[in-house]
Amino acid sequence: MMENPSAGQGRDLSLHNDWFVSGWEHVLPRQALALTMLMGTASQPGVTGSLDDLFQEIFDGHWDMIGGDLDGALTFTWHAEEWDYEEAPEGREASEAESWRTFGAMLTAAGYPVPTTVRDLAELYLTWGLARRHETPQGTRWSMPAVLPLPGDLLPLDTELTRRLDKIRWITRTGPLVDVLVNHLIDELGEPQEILTSLDRLAGTTGQDVNDVRLAVAELVQSDDAKILRGQEPADPERLEPHHRFRLIMDWTHFHDTRIELSLAPDEA
């Protein structure tokens with residue numbers, strides 16, 4: 001679990017480490033993040049009670065982020081925020097209606113009821129295995145699996161959403177590895193346009209595992225930030241032996257123009 005600053009009467013809120021990587025935030029209504037934090041907090045050692053009990057304890061029965069209380073209506077947009085008509089010219093109401101149409105069709109096709117309140121969504125979490133609830137002599141105990149099931153394991157996602165979630169997971173997995181490699185190239189080598197190297201040499205100089213370096217190089221190639229050549233022929237990072245020498249050719253202009261966008265706006269990656 002990933003802890004956040006204390007809230008309410010002093011209990012730390014906890015968000016599952018898999019939440020952003022899994023991609024559920026791109027499938028479920030906005031209140032799902034807050035519900036996941038509430039369930040993560042309920043899953044901490046020594047905590048017992050219903051979600052209502054915990055909600056009352058921490059927030060005195062009201063939390064704007066969850067839409068008021070557990071019986072608050074689910075939405076795909078925050079009605080208090082200014083609407084970006086350039087990004088979504090159809091307007092808030094039309095966008096909300098389309099999101100519900102898509103979401104409802106997806107759940108119905110999979111045989112699940114369409115939730116309308118946070119409490120309904122909590123029951124779906126239990127059905128999907130995102131959370132577990134069991135009774136003990138001390139009271140109701142909550143838990144979450146170490147690894148969350150992926151949306152595509154439970155719901156029929158369309159091709160575009162599947163592609164987007166795969167990209168987000170790939171960037172989340174490789175981002176820290178790329179950072180280590182790029183920091184070496186920039187801070188220690190001064191942004192070279194080209195170096196002759198190998199995976200095991202890069203692993204040694206950056207302190208990473210060879211397979212992690214392979215993923216970092218593969219991400220740079222996939223993002224058009226770099227290309228690798230053996231002799232004059234392009235090489236596939238996945239097929240390189242650790243000792244194989246190759247030329248790593250960087251496109252620093254492309255890297256600096258696009259890397260922030262990839263990090264901050266995965267929806268558009």
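Residues numbered from 1 in each chain as written. Predicted model: local features only at pLDDT ≥ 70, side-chain atom pairs only at ≥ 80, totals over all residues. Heavy atoms only, no water.

Our focus in this paragraph is the overall build of the protein chain. A tally of helices and strands in the protein chain yields ten helices and eight strands. Based on the C-alpha atoms only, the size of the protein chain along its principal axes is roughly 65 × 50 × 35 Å. Within the span of the protein chain, comprising 269 residues, buried residues form 46% of the whole. For the protein chain, the computed accessible surface area is about 14,000 Å², with 50% contributed by carbon and sulfur atoms. (Helix = DSSP H or I, 4+ residues; strand = E, 2+ residues; numbered from the N terminus. Buried < 20%, exposed > 50% of the residue type's maximum accessible area, 1.4 Å probe, protein only. Areas by Shrake-Rupley, 256 points an atom, 1.4 Å probe, with all protein chains shown as cover.)

With that settled, consider the packing of helix α7 (residues 159–188) against helix α8 (residues 199–206). For the pair α7 and α8, interaxial distance at closest approach is 10 Å and the crossing angle is 85°. Between α7 and α8, the angle is such that the two are roughly perpendicular. Of the residues in α8, those in contact with Val180, Leu181 and His184 of α7 are Leu202, Thr205 and Thr206. Counted by class, the contact of α7 with α8 contains three nonpolar, three polar and no charged residues. (Axes fitted to C-alpha atoms, helices over the stretch in contact; angles between N-to-C directions. Parallel < 35°, antiparallel > 145°, perpendicular 65-115°, else oblique. Contact = heavy atoms within 4.5 Å. Nonpolar A, V, L, I, M, F, W, Y, C, P; charged D, E, K, R; others polar.)

Our focus in this paragraph is helix α5 (residues 118–128). Those residues of α5 not exposed but buried are Val118, Leu121, Ala122, Leu124, Tyr125 and Trp128. All buried residues of α5 project into a common sector of 160° when viewed along the axis, lining one side. Where α5 is buried, its residues meet α1 (19–22), α2 (32–42), α3 (51–59), α4 (92–110) and α6 (151–154). Phi for Gly129, located one or two positions after α5, is positive at around 85°. (Arc of directions from axis to C-beta.)

The residue Gln208 is located in the loop between α8 and α9 (210–222) in this model. Contacts of Gln208, omitting those with residues within four sequence positions, involve Leu177, Val180, Leu181, Ala203 and Val213.

With that out of the way, let us pick up the sheet that holds strand β8 (residues 246–250). What the four strands build is an open sheet, ordered β5-β8-β6-β7; its pairing is antiparallel. The open sheet has two edge strands, β5 (194–197) and β7 (233–234), and neither has a second partner. In this sheet, β7 lies alongside strand β6 (residues 226–230) in antiparallel orientation, the contact comprising two bridges. Paired with Arg230 across the strands is Glu233, a residue of β7. Sheet strands in contact with α8 are β5 and β8, and its direction is about 105° off that of β5. (Pairing = 2+ DSSP bridges.)

On to the pairing of β5. It is a general feature of regular strands that their side chains alternate between the two faces of the sheet. Side chains Ile195 and Thr197 of β5 all project onto a buried face; the interleaved residues Glu194 and Leu196 project onto a face where none is buried. Both β5 and β8 contribute to a ladder of four bridges, which runs antiparallel. Each residue of the ladder has a partner; that of Glu194, found in β8, is Ile249.

To continue, consider the pattern of salt bridges. With the rule as written, the count across this model stands at nine salt bridges. For Arg133, the salt bridge identified is with Glu123, shortest N-O distance 3.4 Å. On the criterion of sequence distance, the pair formed by Arg133 in strand β3 (residues 132–136) and Glu123 in helix α5 is long-range, its members being ten residues apart. The partly exposed category is assigned to Arg133, whose relative accessible area is 41%. The class of Glu123 is partly exposed, set by a relative accessible area of 38%. One salt-bridge network, held together by shared partners, links Asp52, Asp71 and Arg119. (Salt bridge = Lys/Arg side-chain N within 4 Å of Asp/Glu carboxyl O.)

Interpretation note: all reported values are geometric properties and have no functional meaning in isolation.
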